[in-house]
Amino acid sequence: MKQSFLLVLFLSLALGSGCQKQSDSSGGKKLTIALMPKSKGNAYFISCKAGADEAVKEMGADLIFDGPTDPDPAKQNEIVENWITLGVDVIAVACENKEGISTALKKARAKGIKVVTFDSDANSDARDFFVNQATPEGIAQTLMDEAARLTNEEGEFAIITASLTAANMNEWRKHIEARLREKYPKMKLVDTKPCDDLKDKAQTEATNLLSANPNLKLIMAICSPAVPGAAEAVKQAGKTGTVKVIGLGLPSENRKYVHEGVTQSVILWKTTDLGYLTIKVAADVTGGKLKSGDTTYHAGRLGDLEVKGDSIILGKPFIFNNENIDQFDF
């Protein structure tokens, strides 16, 4: 049985991270951290993995990186169950469905596996800490205020999201709508469409929104593939500058559209820092350096960060535009 377990563990590590489980320089067992994105082909999460790779190299840990090809709560659960069987030390996951994955994560914790979430949370009793890129209010208010600025605080706009079940995006939408009601009575949210985290589907949905809403003044894309998808739809419709495009995305994926004047603002955080922070937290929760009740956390090269309850906050959203986007290479 022991030999079979070791063989399964070796194969999983070889497939997941391309490296074999090894002992550290002191002869002890290396920490094995399993990292799951919502969808592993999404450039946002690929950028997060670059930061994760930096952190595991820095601390001498092993990383398993795996997730669904497209956002799929059932597939996320299946992968968590596999990691429980393998007996990894800690699981870090961006949750597609908050309720759906919590049962599997609680099972992992019952087996002695530490659990942290990042980007999108699970139920609080299903994990030890949540690594939060920014507060939901901060993200939503930045998006809504930028939309209002670009439309002179009036007119119709639409939202394109990844899915209607994504916990973090639903939270953002709640605060976007609250900000809209509170501050911008002359603006109207006419529709919200899911794109399944796919650029091509986002382009199709944006094209349909433009056709169905001739007075549309702005499209707000709140998942990274949707920003260039919406921009391409606006460009092909000949509405560059007439219909504004903003959203949460990577500078590298939107630079062309920003320079062409199709996309006005890209809002995000440093995604490599999010991946780096997630791995640091995962390791330090496992090692006991980060524990319940802490109010600050020293996150390596990121310095001291705020801990609010059981959430570690990376920072405030940043607005990339035509004036500064060339300064960033992720």
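Computed from a predicted model, the values in this text were never measured in an experiment.

### Section: the domain arrangement of the protein chain
Then, in step 1: If you check the domain split of the protein chain, you get domain 1 (28-132 + 271-314) and domain 2 (136-268).
Then, in step 2: For domain 1 versus domain 2, the distance between C-alpha centres works out to 28 Å.
Then, in step 3: Taken as a group, Asn42, Tyr44 and Glu96 account for 33% of the area that domain 1 buries against domain 2, more than any other trio of residues on that side.
Then, in step 4: Taken together, the links from domain 1 to domain 2 amount to zero salt bridges.
Then, in step 5: Considering each element in turn, the side of domain 1 that touches domain 2 owes the most residues, three residues, to helix H2 (residues 43-59).

### Overview of the sheet that holds strand E10 (residues 265-268)
Then, in step 1: Taken in spatial order, the six strands of this open sheet run E7-E6-E8-E9-E10-E14, and their pairing is mixed. The open sheet terminates on both sides in strands that have one partner only, identified here as strand E7 (187-194) and strand E14 (318-320). Shown here is a sheet whose adjacent strand axes are inclined to one another by a mean of 20°, direction ignored.
Then, in step 2: Summarising the sheet, strand E6 (residues 155-161) and strand E8 (residues 216-221) pair through five bridges and their orientation is parallel. Within the sheet, the bridge partner assigned to Phe157 lies in E8 and is Leu218.

### Remarks on the environment of Gly288
Then, in step 1: Locating Gly288 in the fold gives a position in the loop between helix H10 (271-287) and strand E11 (296-298).
Then, in step 2: With relative accessibility at 41%, the residue Gly288 sits in the partly exposed group.
Then, in step 3: Distance from Gly288 to Leu189, taken between C-alpha atoms, is 46 Å for residues 99 residues apart in sequence.

### What about the environment of Asp196?
Then, in step 1: On the secondary structure map, Asp196 appears in the loop between E7 and helix H7 (199-212).
Then, in step 2: A C-alpha to C-alpha distance of 33 Å links Asp196 and Ala299, two positions 103 residues apart in sequence.
Then, in step 3: Apart from residues no more than four positions distant in its own chain, Asp196 is found in contact with Pro71, Ala162 and Lys201.

Analysis parameters
- Residues numbered from 1 in each chain as written.
- Predicted model: local features only at pLDDT ≥ 70, side-chain atom pairs only at ≥ 80, totals over all residues.
- Heavy atoms only, no water.
- Domains from an automatic or database assignment.
- Buried area = accessible area lost by both parts, 1.4 Å probe.
- Salt bridge = Lys/Arg side-chain N within 4 Å of Asp/Glu carboxyl O.
- Helix = DSSP H or I, 4+ residues; strand = E, 2+ residues; numbered from the N terminus.
- Pairing = 2+ DSSP bridges.
- Axes fitted to C-alpha atoms, helices over the stretch in contact; angles between N-to-C directions.
- Buried < 20%, exposed > 50% of the residue type's maximum accessible area, 1.4 Å probe, protein only.
- Contact = heavy atoms within 4.5 Å.

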